[in-house]
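Examining the three-dimensional arrangement
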There are 2 protein chains.
Amino acid sequence: MRTRVTELFGIEYPIFAFSHCRDVVAAVSRAGGMGVLGALHFSPEELELELKWLDENVGGKPYGVDTVMPAKYEGGDLGDAEELLGKLQGMIPEENRRFLEDLLAEHGVEPSTESAGKALLGWTDQTARPQVEVALRHPIALLANALGPPPADIVEQAHEHGVKVAGLASNARHARKQVDVGVDIIVAQGTEAGGHTGDVATMVLVPEIVDAVGEDTIVLAAGGIGSGRQMAAGMALGADGVWTGSIWLTVDEADTPERALPKLLEATSRDTVRSRAWTGKPARFLKSAWTEAWESEKSPGYLPMPLQFMLIADALPRIARSGDGELVTFPVGQIVGSMNQIKPAAQVVYDLIEEYVEAIERLNAITGAD
Amino acid sequence: MRTRVTELFGIEYPIFAFSHCRDVVAAVSRAGGMGVLGALHFSPEELELELKWLDENVGGKPYGVDTVMPAKYEGGDLGDAEELLGKLQGMIPEENRRFLEDLLAEHGVEPSTESAGKALLGWTDQTARPQVEVALRHPIALLANALGPPPADIVEQAHEHGVKVAGLASNARHARKQVDVGVDIIVAQGTEAGGHTGDVATMVLVPEIVDAVGEDTIVLAAGGIGSGRQMAAGMALGADGVWTGSIWLTVDEADTPERALPKLLEATSRDTVRSRAWTGKPARFLKSAWTEAWESEKSPGYLPMPLQFMLIADALPRIARSGDGELVTFPVGQIVGSMNQIKPAAQVVYDLIEEYVEAIERLNAITGAD
């Protein structure tokens, strides 16, 4: 396959695979796509180790790193990371803490033993910048930002290192803003996607963004893409490639939590919900007692980013390993309905391509038969 | 173009156009697609006149009729149509009536002068059956049902008249149920569609339904389809054709209310909302003070189908012709963001096909360049 994006990176297939798991990233890059490591959950020191491992295991193929630098958030200009963390912790109302602890107790989740030190992670400029610094010391091909336009100086730094920059957008106006700060690739992500996502569906969003950013900007289709038919649809909409995430949660190599995996395999496409219960911004998740509780009458409502995630960050690993399991949820897109089988990541890549080719042949039969 | 559905109906393009306006239906059928008249707003006598006009104006091309027969609703087994209407009117709480009248007064909408006689329309078995009887006396090619599986005896009657039956489905389970009662064509309609719609996006839903109904059932892709790229995407997902609705609201021939038209032309893809404020079941609409008010803290909530629509039916035409205009809304899909121009219906058909062919050429360049 040959599109602007395969040419740009020298990859075989225009398939981008977002994953927090380095084994998945390496496997996809080695199979001819491009793995992109989600850096959010790593400290700069941890990220350094992950990228060192990747450098040694991608077999010389290109890979990328994905950070989360929100343009705006509560308390954004409050000193350094540690100071900021303290101040933000003080902004979380007692009512919300109590609601959370009651909910966890109700479901038998073990009490907290960890410090809340990692709770802020990469959600802020202060915490994401060190990740970018680490990433740019490695031979990465792509720096992606998952939330709005990255700061212009970060784009410049990346370009100085010969690294292309991608930004996720869920509407045409945001996509144009990203192009204005120098972003090279727009990931047009529809509402059916997992994690943070807007409300316009991929079918409508992709052509809208393709038209809005003009001919010089590469666009990848994201949201609802897990098979070759969906990949062909994304390309038919005008994209140069596809950005996928959810489907890598159920591959052999994935480190998906043990209690979440069977829920992902069993879920139908109707078992997700777009909720603010994770970070304060709408994100798509597997429905569970967790998403229901935060929408219930008892709920104190959601805190703005990054407070909501700070409140719950420490609870998530506890939910993943203890209690009755009803609270277990996971960020995933509507494509979860067709994730019913565990396969090696490379097989997922080859299946995508095989079905893609079949879809194109089918399309040609429709117009060619006359 | 040649698919199972163009062969079945002897049409040139696998484009189905749903419209309440006979001029649009005739124009699309004459241009090589298939117009489908929404019968909901017509009494049996009115429908008879519409179909007589269509018979004389489709130039011998096939056309269809779309009814709304819900499988289940409040008070479903309560005598004949008139008796039923009276009983149902009695089930509407005073609080809801008051909320509505206050809302209308606040926006300067003229008081009611009409009887509520037409309020039930085709939403029930009792009121939709006479429409079907009228429709089957005309040389229609297709009978579509917009809400769940049609009664099995209606499917049988249609088949006896040589009429194919289509049913809209927003999930795979419902699609299979429709196939079980003999429906010939499943319209797989994603959440981005206008009017009644589910929560799974077209990108995910279409392949899911194609796989669920098996090879013998024809599937049309619906929701978010307004351009040739989107049509190509729908076909890439495995559909045999596309079902469109919103895009016919802004054609020359459409009888879209004068106050709604500029709002449709100006709206972006983010200006719709899926709300129960129309019929009690989720339906996508243009956002307005109307959709906001029903979601506000003051709102008494939504009544179940068909009560919500009975409550508001009489208010809709008053909103369309009087008051400050802020309440004006209209059922429309997210594709409204690209409906920025008024064109003849035939031109819309030809533009769809021209862009469709371009999209296929582009796809072939991607795989063919190696």
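Further up the page is the structure itself.
Now for a look at the structure at hand. No experiment lies behind these values; they were computed from the predicted model shown.

**Some remarks on the overall build of chain A**
For chain A, the helix and strand inventory stands at 15 helices and 11 strands. By the compact-globule yardstick of 21 Å for 370 residues, chain A fits well, its C-alpha radius of gyration being 20 Å. Taken over the C-alpha atoms alone, chain A extends approximately 65 × 45 × 40 Å along its principal axes. Here chain A holds 370 residues, and the buried ones make up 58% of them. Put simply, chain A shows about 14100 Å² of open surface, and 49% of that area lies on carbon and sulfur atoms. On chain A, the mean spot of the 31 positive side-chain charges and the mean spot of the 54 negative ones are 2 Å from each other.

**Focus on the relation of the copies chain B and chain A**
The operation relating chain B to chain A is a screw motion whose rotation component is 180°, with 0.0 Å of axial translation and a residual RMSD of 0.0 Å. Within this description, the copies of the chain are treated as partners about a two-fold rotation axis. Within chain B, the C-alpha atom positioned nearest to the axis of rotation is that of Ala233(B), 1.9 Å from it. When the interface residues of chain B are mapped onto chain A, 100% of them again fall at the interface, so both copies present the same face.

**A word on the packing of aromatic side chains**
Residues and elements named next belong to chain B. Counted according to the given criterion, the structure contains 16 aromatic pairs over all chains. Note on Trp 278 and Phe 309: the rings are 6.2 Å apart at their centroids and 90° apart in plane angle, and the pair reads as edge-to-face. In this pair, Trp 278 is assigned in the loop between β10 (272-275) and β11 (283-286) and Phe 309 in helix α13 (residues 307-312), connecting sequence segments 31 residues apart. Residue Trp 278 shares its accessibility class with Phe 309, and that shared class is buried.

**Side note on helix α2 (residues 22-30) of chain A**
Residue and element names in this part refer to chain A. Taken as a whole, α2 has its buried residues at Val 24, Val 25, Ala 26, Ala 27, Val 28 and Ser 29. On its buried face, α2 is in contact with β1 (15-19), β2 (34-38), α3 (44-57), β3 (63-67) and α15 (345-368). The first or second residue beyond α2 is Gly 32, which carries a positive phi of 110°.

**Thoughts on a negative patch on the surface**
Among the surface-exposed residues, Asp102(A), Glu106(A), Asp324(A) and Glu326(A) lie close enough to one another that they form a single negatively charged patch. Tracing the chain through its elements places Asp324(A) in the loop between α14 (315-321) and α15.

**Points about a positive patch on the surface**
A cluster of basic residues, Arg173(A), Arg176(A), Lys177(A), Arg274(A), Arg276(A), Lys281(A), Arg270(B) and Lys287(B), forms a positive patch at the surface. Broken down by element, the positive patch gets its largest block of residues, three residues, from helix α8 (residues 172-180) of chain A. Of note, Arg276(A) is situated in the loop between β10 (272-275) and β11 (283-286). Given a relative accessible area of 41%, Arg276(A) falls into the partly exposed group.

**Comments concerning the nonpolar core**
Within the largest apolar cluster, 218 residues are counted, with the highest numbers of intra-cluster contacts made by Ile209(A), Trp248(A), Ile209(B) and Trp248(B). Apart from the residues lying within four places of it in its own chain, the contact partners of Trp248(A) are Ile15(A), Ala17(A), Phe18(A), Val24(A), Val28(A), Ala254(A), Ala345(A), Val348(A) and Val349(A).

**Quick word on the environment of Trp294(B)**
Residues and elements named next belong to chain B. Tracing the backbone shows Trp 294 in helix α12 (residues 289-295). Residue Trp 294 is classed as buried on the basis of its relative accessible area of 1%. Measuring from C-alpha to C-alpha, the distance between Trp 294 and Arg 276 comes to 8.5 Å, with 18 residues separating the pair along the chain. Apart from the residues within four sequence positions on either side, Trp 294 is in contact with Phe 99, Leu 100, Leu 103, Ala 277, Ser 299, Pro 300, Gly 301, Tyr 302, Gln 308, Leu 311 and Ile 312.

**Observations concerning the interface of chain B and chain A**
With 45 residues of chain B in contact, the opposing surface of chain A contributes 45 residues. In total, about 3900 Å² of surface goes out of reach between chain B and chain A, with carbon and sulfur atoms giving 55% of it. Where chain B touches chain A, the interface holds three salt bridges. Arg362(A) is the salt-bridge partner of Asp240(B), the closest N and O atoms lying 4.0 Å from each other.

**What to know about the pattern of salt bridges**
Tallied over the entire structure, the rule returns 23 salt bridges over all chains. Of the charged contacts in the structure, one is a salt bridge between Lys52(A) and Glu56(A), with a shortest N-O distance of 3.8 Å. Residue Lys52(A) and its partner Glu56(A) are both found in helix α3; the two are separated by four residues, about one turn of the helix. Using a relative accessible area of 46% as the deciding quantity, one classes Lys52(A) as partly exposed. Given a relative accessible area of 56%, Glu56(A) falls into the exposed group. Ionic pairing is found between Glu7(B) and Arg2(B), a salt bridge with its closest N-O pair at 3.2 Å. Assessed through its relative accessible area of 48%, Glu7(B) is described here as partly exposed.

**Here's the deal with the environment of Tyr13(B)**
All names here are of chain B. With respect to the secondary-structure elements, Tyr 13 resides in the loop between α1 (4-9) and β1 (15-19). For Tyr 13 and Met 34, which are 21 residues apart along the polypeptide, the C-alpha to C-alpha distance reads 8.2 Å. With near-sequence residues (within four places) excluded, Tyr 13 lies in contact with Met 1, Thr 6, Ala 31, Gly 32, Gly 33, Val 349 and Ile 353.

**Notes on the sheet that holds β11(B)**
Residues and elements named next belong to chain B. Read from one edge of the open sheet, three strands run β7-β11-β10, paired in antiparallel fashion. Here the strands that pair on one side only, and so sit at the sheet edges, are β7 (195-196) and β10. Two elements, β10 and β11, share four bridges in a ladder whose sense is antiparallel. The residue bridging Ser 275 from the neighbouring strand is Ala 283, located in β11.

**With respect to unusual backbone geometry**
Across the junction of Met305(A) and Pro306(A), the peptide omega takes the value 0°, indicating a cis bond. On the secondary structure map, Pro306(A) appears in the loop between α12 (289-295) and α13 (307-313).

**Thoughts on the sheet that holds strand β7 (residues 195-196) of chain A**
The strands that make up a sheet are held in pairs by hydrogen bonds between backbone atoms, and each pair lies either parallel or antiparallel. Residue and element names in this part refer to chain A. Pairing is antiparallel in the open sheet, where three strands are placed in the order β7-β11-β10. The two strands at the open ends of the sheet, each matched to only one other strand, are β7 and β10. Bridge count for β7 against β11 is two bridges, and the pairing is antiparallel. Bridging across to β11, His 196 finds its partner in Ala 283.

**Remarks on the pairing of strand β6 (residues 185-189) of chain B**
All names here are of chain B. Counting buried positions along β6 yields five of five residues, so the element is predominantly enclosed. By the alternation rule, side chains of β6 split into Ile 185, Val 187 and Gln 189 and Ile 186 and Ala 188, which are all buried. In the sheet, strand β5 (residues 164-169) pairs with β6 via four bridges, with the strands oriented parallel. Paired with Gly 167 across the two strands is Ile 186, which belongs to β6. In this structure, β6 lies alongside strand β8 (residues 218-222), joined through five bridges in parallel fashion. Each residue of the ladder has a partner; that of Ile 185, found in β8, is Ile 218.

Cut-offs used in this document
Residues numbered from 1 in each chain as written. Chains lettered and ligands numbered in written order. Predicted model: local features only at pLDDT ≥ 70, side-chain atom pairs only at ≥ 80, totals over all residues. Heavy atoms only, no water. Helix = DSSP H or I, 4+ residues; strand = E, 2+ residues; numbered from the N terminus. Rg over C-alpha atoms; globule rule 2.2 N^0.38 Å. Buried < 20%, exposed > 50% of the residue type's maximum accessible area, 1.4 Å probe, protein only. Areas by Shrake-Rupley, 256 points an atom, 1.4 Å probe, with all protein chains shown as cover. Lys, Arg positive; Asp, Glu negative; His and termini not counted. Charge placed at Lys NZ, Arg CZ, Asp CG, Glu CD. Least-squares fit on C-alpha atoms with pLDDT ≥ 70 in both. Contact = heavy atoms within 4.5 Å. Phe/Tyr/Trp six-rings, centres within 6.5 Å; stacked < 30°, edge-to-face > 60°. Patch = residues over 30% accessible without salt bridge, like charges linked within 9 Å, V, L, I, M, F, W, Y side chains within 5 Å. Salt bridge = Lys/Arg side-chain N within 4 Å of Asp/Glu carboxyl O. Core = buried A, V, L, I, M, F, W, Y, C linked by side-chain atoms within 4.5 Å. Buried area = accessible area lost by both parts, 1.4 Å probe. Pairing = 2+ DSSP bridges.

Distances and angles like these do not, on their own, reveal function.
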